Amino acid sequence: MGTPARPTVRYAASTLLAALALTGCSPSAPPDTASSESPAASPSSPAQICTSLVSYWAKETLLGTKWSGLDWEQKGLSNDQYAIHEDAVAAGRAEERTSGRDKALELIDRFVAQRCAEQNGATWSSENWRPPK
């Protein structure tokens, strides 16, 4: 007995890869959720989406993380959302100098939520932006 012939090994490897691709590399089937049906979550409002997105990126910029240097399109922001982002970062930096980083991050959340609500999500200013389906 020796090692299997090359075509057999290739066939086995191809079969394994195909099986993994078809199963999504999942070790088991997903749990049955039919018995625990819950109503679908209602879609977020444009203001909530704006707040979540802009607040996240403003905090990343304040913290100076690896991805904070992406441009507004790479961050998925409209022109007006980017303006809110820049104002929030400036306000956060000023707050950080006087009250510390934790207070600056809290300020960013409040600042962005208020501006996004005032502008109903601030999504109309970018020709690239499309509403969620």
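For the structure itself, look to the data block above.
None of the values given here were measured: they were computed from a predicted structure. (Residues numbered from 1 in each chain as written. Predicted model: local features only at pLDDT ≥ 70, side-chain atom pairs only at ≥ 80, totals over all residues. Heavy atoms only, no water.)

A tally of helices and strands in the protein chain yields 4 helices and 0 strands. What you see in the protein chain, going N to C, is helices and strands ordered as α-α-α-α. Evaluated residue by residue, the protein chain yields a buried proportion of 24% over its 133 residues. In the protein chain, of all internal contacts separated by at least 6 residues, the share reaching a separation of at least 24 is 71%. (Helix = DSSP H or I, 4+ residues; strand = E, 2+ residues; numbered from the N terminus. Buried < 20%, exposed > 50% of the residue type's maximum accessible area, 1.4 Å probe, protein only. Contact = heavy atoms within 4.5 Å.)

Another aspect to go through is the pattern of salt bridges. On inspection of all chains with the given rule, the structure shows 4 salt bridges. The partner of K59 in a salt bridge is D109, with the nearest N and O atoms 2.9 Å apart. With K59 in helix α2 (residues 46–63) and D109 in helix α4 (residues 101–118), this residue pair connects regions lying 50 residues apart in the sequence. (Salt bridge = Lys/Arg side-chain N within 4 Å of Asp/Glu carboxyl O.)

What follows deals with the side chain of H85. Among the secondary structure elements, H85 is positioned in helix α3 (residues 79–99). Relative accessible area serves as the criterion here: at 1%, H85 is assigned to the buried category. With sequence-adjacent residues up to four places away left out, H85 is seen in contact with V54, W57, A58, T61, K75 and L77.

Moving on, we come to the state of the cysteines. Applying the stated criterion to the full structure yields 1 disulfide. Disulfide pairing places C50 opposite C116 at an S-S distance of 2.0 Å. Taking the torsion about the S-S bond as the criterion, the C50 to C116 disulfide, at about -60°, is left-handed. Taken together, the residues span a long stretch of sequence, with C50 in helix α2 and C116 in helix α4 at a distance of 66 residues. In this pair, the class of C50 matches that of C116, namely buried. (Disulfide = S-S within 2.5 Å.)

At a closest axis distance of 9 Å, the pairing of α2 and α4 adopts a crossing angle of 150°. With respect to each other, α2 and α4 are oriented roughly antiparallel. The way α2 lies across α4 gives a crossing that is right-handed. Contacts between α2 and α4 involve A47, C50, T51, V54, S55, A58, K59, L62 and L63 from the first element and R101, A104, L105, I108, D109, V112, A113, C116 and A117 from the second. (Axes fitted to C-alpha atoms, helices over the stretch in contact; angles between N-to-C directions. Parallel < 35°, antiparallel > 145°, perpendicular 65-115°, else oblique. Left-handed = near helix turned anticlockwise from the far one by under 90°.)

Glancing now at the environment of I108. Inspection of the secondary structure puts I108 in helix α4. Judged by relative accessible area, which is 0%, I108 ranks as buried. The spatial distance from the C-alpha of I108 to the C-alpha of H85 is 9.0 Å, given a sequence separation of 23 residues. Sequence-distant contacts of I108, defined by excluding residues within four places in its chain, comprise S55, A58, K59, L62, A88 and G92.

Worth remembering: the numbers are spatial, not functional.
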